[in-house]
Structures are given as structure tokens and as C-alpha cells.
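Inside the fold
Below, each chain spelled out in residue letters.
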Amino acid sequence: MCGIVGYTGENQAAPILLDGLKRLEYRGYDSAGLAVRDGDALAEVVKATGKLYHLADKTDQGRSLPGNCGIGHTRWATHGDPSLINAHPHVSGSCSGSGSGKVESDVVGVHNGIIENYGELKEKLLRHGYRFYSDTDTEVVVKLVDYYYKKYKIGPVDAITRTMVRVRGSYALALMFKDHPGEIFAARKDSPLIIGAAENAAFLASDVPAILKYTRSVYYIGNLQVARLSPGSVKFYDLNGDEITLPLTEITWDAEAAEKGGYEHFMLKEIHEQPAAVRDTLVSLVKDGTVDLTETGLTDGDLKRFAQIDIAACGSAWHVGMAAQYVLEDLAGIPVRVELSSEFRYRTLPLGKDTLVIVISQSGETADSLAALRVAKERGAETLGIVNVIGSSIAREADHVLYTMAGPEIAVATTKAYSAQLAAVYALAIRTALARGTVSQERHDALVSELMTLPEKIRRVLEEKERLQWFSTKISNAKDIFFIGRGLDYAISLEGSLKMKEISYIHSEAYAAGELKHGTISLIENNTLVVGMLTQAGLYEKTLSNMMECKSRGAFLMGLTANGNFSVEDSVNFTVYVPKTDEHFMISVAIVPLQLLAYYTSVNRGLDVDKPRNLAKSVTVE
Ligand code: AGP
């Protein structure tokens, strides 16, 4: 998704903006641009397509753009192809073909989000004499601000709030006005935006890592709120233009946490941070050996009252939902439906106060999941967000929120946040089971005690990484890879397959092992790799026989099972053993070898592990 940054203060803005955009690269982009102004002078815009270093080179690392107030942007194209003229910043007047140069216009701005009614607004502005140079919705919204600014002459905040009333969609906007040197104005609806405060300086960004080097003091600006930044001062306004006060939050992450910590890639670092991520999440949910959901506001009475749980999520978070379904149903005896967020909103699911809708999201900003949350609330369901980013949209709009404690996750392919989400749903399932009387206090205590051993067991799996690194060299030229399993082993297969395809670009599918023979087995040919998940004792024999069906058609078999289950070696070509734990939690140890296998395969293929092609860390468009 797009990334935006802004700075006003005593120092030169351009280098700070470039540094901030670099720390937002993980959001995915195809072009970038800056607008910087030096005191009362006109702002200067410079844009570049492709990687950020092109923009840095074009501005001599920012040195050719003097000035202490500016905004910057990395664009992930949604309206209009990736091109110079469509790159941000956009201006309220005309713009040259290259998109760069002095800004004669009254307003210049950058935007992350989607303006859904930009077409009708463009028509309106055309009728009022505006002309457009780009295909973007952003140019429309910048010109609409200018339209209200000139029409009512009440100032930037008024022009912005009038625009906010008129537009439909999502936005994190940063704007500079020619008549207001040294100031930046920001507005937010649904897209992520934080405001940083420091002595004699003010910052804005799509995400904390962009400004963490400069300040830890941030404001989480709310939906339909406006910010006015000047050196050392930030003011906030509501949709009526009335000044409001927001709490200042101190970020506890170390700057280190957002760096690679000595690992070659963020993904490998984050795979190794899983023991800590799981531990920190469990520690936040288990007090004196008992699961404590007080922080979420969910009581045992609530957990008893719910007749149904619906889970909505995307990607890996949806895979957590698939695992949660088995665990919740098995331990708590409550019916659970799991739906892709992008589909959930089109279901005519009967929802009401006796339904708990759980939305799982690392970023808390995924547009499809935010939309699913809103549909659930509109239909009267009680909602719980399981999210990793404090203050994110889903966290703030859900009735209840359960924070995972994975810390900032930079690699596009999620690992530690996924594992932390699993830990969260195990804890939720155990507490729900105790509240509903489907497990005794003793069983609860035993499950919690086993849960607390997971960090150490995950750490032990990491010690075996060289075997996965070796095996990855055997499969790096594979054409297809299939991951199969039953029950929770199917849920593991889903995540293992996504990890493999999203970072190695090798086609992969996860299949319910019992379903293979209903068509897909026709794709199995000589040396096709089939990875069989064998962590559930009661399903072991059946899955193994499905693997044999593949072997008899030429497949190369990898088996993944718990320590001690050594008979697997007699049937498969390569076996991975993981420490044994309660079968409900086996996914947490079994997923680690699959993450490592995908990681090393991607490295072997010389790919951009942390920023895979076409992908973004947080998909804030629908
Ligand atoms: C997972 O590796 C992918 N990056 C992607 O599937 C991700 O899980 C999905 O987009 C959901 O993101 P969220 O958890 O931030 O909502």
C-alpha cells in the first residue's frame, strides 16, 4: 500500500522524508515523490518511478531540495498506472509531464487510500473549470480541497473538513498550502496515519517505523479528524472544525526492533523472534496459570452466551481462523464458521448479539477485514479484533480487542504475527471452554501449562534449520509443490503453501488430503513434491495413505510429524520431526519448518524475500 511521510521543523526536510519513505518500503510501491518548501518560497516537487533510490539519486539524497517543511509518498497504484505523472505529490493547479518542478498551485498533497466517488467529484470540478493531468483519485481530492479553500476562504482546516464531508472512501492525506509556509495539514479516514511530536518539529507517517528514529511520542489520529502540524506544535480538529485534544502515546519499541538485527532478511529475523512473540502474547493473556481475558472486556458470561462464532480474515490470518475453528469447536463445543473477509461481507449470515465475530488481522488495516468488521457490527453481532498493531483501525472499531505482542513485523510474509495469533486463539479457546464448562479446571490448567512450553519448543525447531536449508536446495527448481493434511494438519498446509508461493513464486497448493483423489491428484507427476502433515495421531494413517497414492504416481514425499513417530521414515523420502505438544497446539511447532523451507527456497532463487513482487504488507484497498 502507499506510504506517506511529512516533516516540519528546524532541519532540512528532504533527507528526513527519504529516510522515512525507506522505512515504509515494506508497504509495497511502484513510484515515489517529494514536495519540499524553503520558508515562504514555492514548494518544489520531484518524482521518480521504480525503487526509492531513484528518487534519492534524483534529489542528490535530498540535498538538491532545500527547505524545512515537506511531504513524501511511495505509491502502490490503485487508480492510474505506475508513471511519473500519476506519482504523488499532486497539485491543485497544472503539472508538467515529468510531474516535477516548482509548485505555483495553492495546494499540494499526498494520499494513501481510495476515493470511491472520485469520478463524480472530477465531473463537478471540471464544471468549475479545473483541468486534470493525471488518472488518479488523489489529484481529484487535492483539487477539491482547493475548490473549497477558494470558495469559502475560511482557511485550510475548513477546506479539508468540507472535502471530508463530500468524499466517500478511505484516505490518509497530507497537504501543504502556499499561504501557510512551514505548516502541514493531515486528515484521516480508514487509512493508517500517525502524527509524531518532537521539540521544534512535527512528523506524520503511515506507520511508526518511518519516524521512530526521530521521536517516540505519537498521536493516533482518529477517523474524520484533521491535524495541523507546525514546528513543535500539533493541533487536532474534528469534522466540524472544532479543536480537539488527543492523547500522546509513547512508543516502547526499540529502533532496533524495526531493523534486521543482524539477520540477512527481516523474515529470517522474525522467524527467530517467534519464541518471544508467542511468549509475550501468552504472558499478556495468562495470569497465575489462568487465561485472563479481562483486557478484552469479554467476560465468562459473554463466552457462555455466544451461540456461534464467526471468524473473518485474509491470507495467513484466515489460516489462523481455520486452525481456530478446529480448536474452538473441539475444546469449547461452540459452532465456528470461518470466512474470507472479502467474502464475509457478501454472505447473508444471520448475525446477532449471540454471535461473536472475530476479525483477525496483523496490521489491523486490511480493508477487506475492516469492511467485514463493519458489516458484522451493522448486523448486530458482538465483535472482537485480534490485531498486532496498537491503535489500528480494526483495534479501535471492534467492540473488544485482543492484542498480539509480536512487535513490528516488517517482512511482507508474516511469520511471528501469525504465530502470535495462534497463541491468542488457543488462549481464547481455553478460556471459552472453561467458561462453558466443556473443560474442567484441571484440564484448563494442564492446557495452559502445555501452552507455556510452546516458546521453548519453537526455539528447539529453529535449531534444526540447517536441515531445511539443505532440503531447500533440492526443491528450488520445483514446478509445483503440494501441501496436504487433514483437520489441523490441513490448516498447517494452508499456511505452509502460502509461505512457499508468496516468497519463492513456485506454484503451490494446500489440499485437504482426503480431497486429492477428487480431481487434483491428476496434477501429480514424476518428482512432484508433496509435503504431508502428520501431526494428528487420529488422522495419521489416512493422510499417510493419501501420500502413498501420490507416491505411486511418482511424487517425492516430505513428511512432517512429531518426534517419536519414526515409522514415517519407512514411507517418505524426507522427514522432519518437531517437538511433541498437545495436538491442538502442534500447528505452532509444525509451521516453523515450513516457514524456513519457504525462506531458504526464496533465498536460493535470489528473490526479494522481504518484499515479494506484487505484494504489500498491508492491503488497505479492497
Ligand atoms: C501473509 O504472509 C500475507 N502477507 C497476507 O496473506 C496477509 O496475511 C493478509 O494480507 C492479511 O493481512 P493482515 O493480517 O494484516 O490483515
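Refer to the preceding data block for the structure.
Read on for a plain summary of the structure. Please read these numbers as outputs of a predicted model, since none were measured by experiment.

Cut-offs applied
- Sequence positions are assigned chain by chain, starting from 1 and proceeding in written order.
- Where local features are concerned, this predicted model is filtered to residues with pLDDT of at least 70; where side-chain atom pairs are given and counted, the filter is 80 or more; whole-chain, interface and lining totals use all residues.
- Remark: hydrogens and water are excluded; side-chain values derive from all non-hydrogen atoms of the structure.
- The salt bridge criterion pairs a side-chain nitrogen of Lys or Arg with a carboxyl oxygen of Asp or Glu, the two atoms within 4 Å.
- Relative accessibility thresholds used throughout: buried, under 20% of the residue-type maximum; exposed, over 50%; partly exposed, between the two (1.4 Å probe, protein chains only).
- Only runs of H or I of at least four residues qualify as helices and only runs of E of at least two qualify as strands under DSSP, and these elements are numbered from the N terminus.
- Residues are labelled near a given molecule or strand when at least one of their non-hydrogen atoms is within 4 Å of it.
- Whenever two N or O atoms come within 3.5 Å, that pair is a polar contact, provided that in protein one can donate a hydrogen and the other can accept it, and provided that, for residues adjacent in sequence, both atoms are side-chain atoms.
- Computed with a 1.4 Å probe, the accessible areas rest on the Shrake-Rupley method; for each residue, only the protein chains presented here act as cover.
- Here the nonpolar group is Ala, Val, Leu, Ile, Met, Phe, Trp, Tyr, Cys and Pro; Asp, Glu, Lys and Arg are the charged ones; every other residue, Gly included, is treated as polar.
- For this analysis, a ring pair means two rings from Phe, Tyr or Trp (six-membered ring only for Trp) whose centres lie within 6.5 Å, classed as stacked if their planes differ by under 30 degrees, edge-to-face if by over 60, and tilted for the remaining angles.
- We call a charge positioned above a ring when the Lys NZ or Arg CZ atom is no farther than 6 Å from the ring centre and deviates by at most 35 degrees from the ring normal.
- Disulfides are defined in this document as cysteine sulfur pairs within 2.5 Å.
- Whether two residues touch is decided by their heavy atoms; if any such pair falls within 4.5 Å, the residues are in contact.
- Pairing between strands is defined by DSSP: at least two bridges between them are needed.
- Helix axes use the C-alpha atoms of the stretch in contact, all axes being lines fitted to C-alpha atoms, and the angles between their N-to-C directions lie in the range 0 to 180 degrees.
- A helix's residues, less one, multiplied by 1.5 Å, set its expected span.

1. Considering the pattern of salt bridges
With the rule as written, the count across this model stands at 33 salt bridges. Residue Lys189 is joined to Asp190 by a salt bridge in which the shortest nitrogen-to-oxygen separation is 3.1 Å. We classify Asp190 as buried; its relative accessible area is 11%. One salt bridge in this structure joins Arg374 and Asp190, with 2.4 Å as the shortest N-O distance. Of the two residues, Arg374 is situated in helix H11 (residues 367–378) and Asp190 in the loop between strand S9 (184–189) and strand S10 (194–198); the sequence distance between them amounts to 184 residues. One salt-bridge network, held together by shared partners, links Lys189, Asp190, Arg374 and Glu397.

2. So, unusual backbone geometry
Backbone torsion omega between His88 and Pro89 reads 5°, so that peptide bond is classified as cis. Note on placement: Pro89 falls in the loop between strand S4 (69–75) and strand S5 (90–91). For Leu224, which is not glycine, the phi torsion reads 60° and is therefore positive. Residue placement: Leu224 occurs in the loop between strand S12 (217–219) and strand S13 (225–230). For Asp288, which is not a glycine, the phi torsion comes out positive at approximately 50°. Of note, Asp288 is situated in the loop between strand S17 (286–287) and strand S18 (290–291). On the accessibility criterion, Asp288 (82% relative accessible area) is exposed.

3. Overview of the site of the ligand
Around the ligand lies a shell of 14 residues, among which Ser361, Gln362, Ser363, Thr366 and Glu502 are the nearest. Ser363 is positioned such that a nitrogen or oxygen atom in its side chain is 2.7 Å from an oxygen atom of the ligand. Here an oxygen atom of the ligand and a side-chain polar atom of Thr366 are 2.5 Å apart. Contact with the protein chains covers 91% of the free accessible surface of the ligand, which is 410 Å². Taken together, the elements giving at least two residues each to the shell around the ligand come down to helix H9 (315–332) and helix H17 (488–504). Considered class by class, the residues forming the shell around the ligand number 5 nonpolar, 7 polar and 2 charged.

4. Let's talk about the packing of aromatic side chains
A ring pair, where both rings are aromatic, is described by two values, the distance of the centres and the angle of the planes. Throughout the structure, instances matching the rule amount to 14 aromatic pairs. Three or more aromatic residues link up through ring pairs in this structure, and these residues are Trp470, Phe471, Phe556 and Phe574. The ring of Tyr152 carries the charged tip of Arg162 above its face, separated from the ring centre by 3.5 Å. It is Arg613 that lies over the ring of Tyr505; its NZ or CZ is 3.8 Å from the centre.

5. Re the state of the cysteines
This model, assessed by the stated rule, comprises 0 disulfides. Unpaired in terms of disulfides, Cys2 finds its nearest cysteine sulfur in Cys95, a separation of 17 Å. According to the relative accessible area criterion, Cys2 is buried, its value standing at 7%. Unpaired in this structure, Cys314 has its nearest cysteine sulfur neighbour in Cys2, at a distance of 18 Å. Accessibility expressed as a relative area gives 25% for Cys314, which makes it partly exposed.

6. Concerning the environment of Leu607
When you line up the elements, Leu607 lands in the segment after helix H19 (586–604). Taking relative accessible area as the criterion, Leu607 reaches 22% and is therefore assigned partly exposed. For the pair Leu607 and Ser504, spaced 103 residues apart in the sequence, the C-alpha separation amounts to 7.0 Å. Not counting residues within four places of it along the chain, the set of residues in contact with Leu607 comprises Ile503, Ser504, Tyr505 and Ser602.

7. Comments concerning the side chain of His584
By secondary structure assignment, the location of His584 is in the loop between strand S28 (574–578) and H19. For His584, the side chain forms a polar contact with the side chain of Asp330, separated by 2.5 Å. Here the side chain of His584 touches Asp582 through a polar contact of 2.6 Å, side chain to side chain. Residues within four places of His584 in sequence aside, it is in contact with Val327, Asp330, Leu331, Tyr426, Arg443 and Leu488.

8. Notes on the sheet that holds strand S26 (residues 529–534)
Consider a sheet: its strands pair through backbone hydrogen bonds, and that pairing is either parallel or antiparallel. What the 5 strands build is an open sheet, ordered S25-S24-S26-S27-S28; its pairing is parallel. Edge positions in the sheet fall to strand S25 (507–512) and S28, since each of these pairs with one other strand and no more. The average undirected angle you get between the axes of adjacent strands in this sheet is 20°. Bridging between strand S24 (residues 480–485) and S25 involves 6 bridges; their strand directions are parallel. By the bridge assignment, Phe483 is partnered in S25 with Ala510.

9. Some remarks on H9
Since one α-helical turn is 3.6 residues long, residues separated by three or four positions face the same way. Here H9 is 18 residues long and its end C-alpha atoms lie 25 Å apart, about the 26 Å a rise of 1.5 Å per residue gives. Of all 18 residues making up H9, 14 are buried, and the element is well covered by its neighbours.

Without other data, these values stay purely geometric and don't point to any function.
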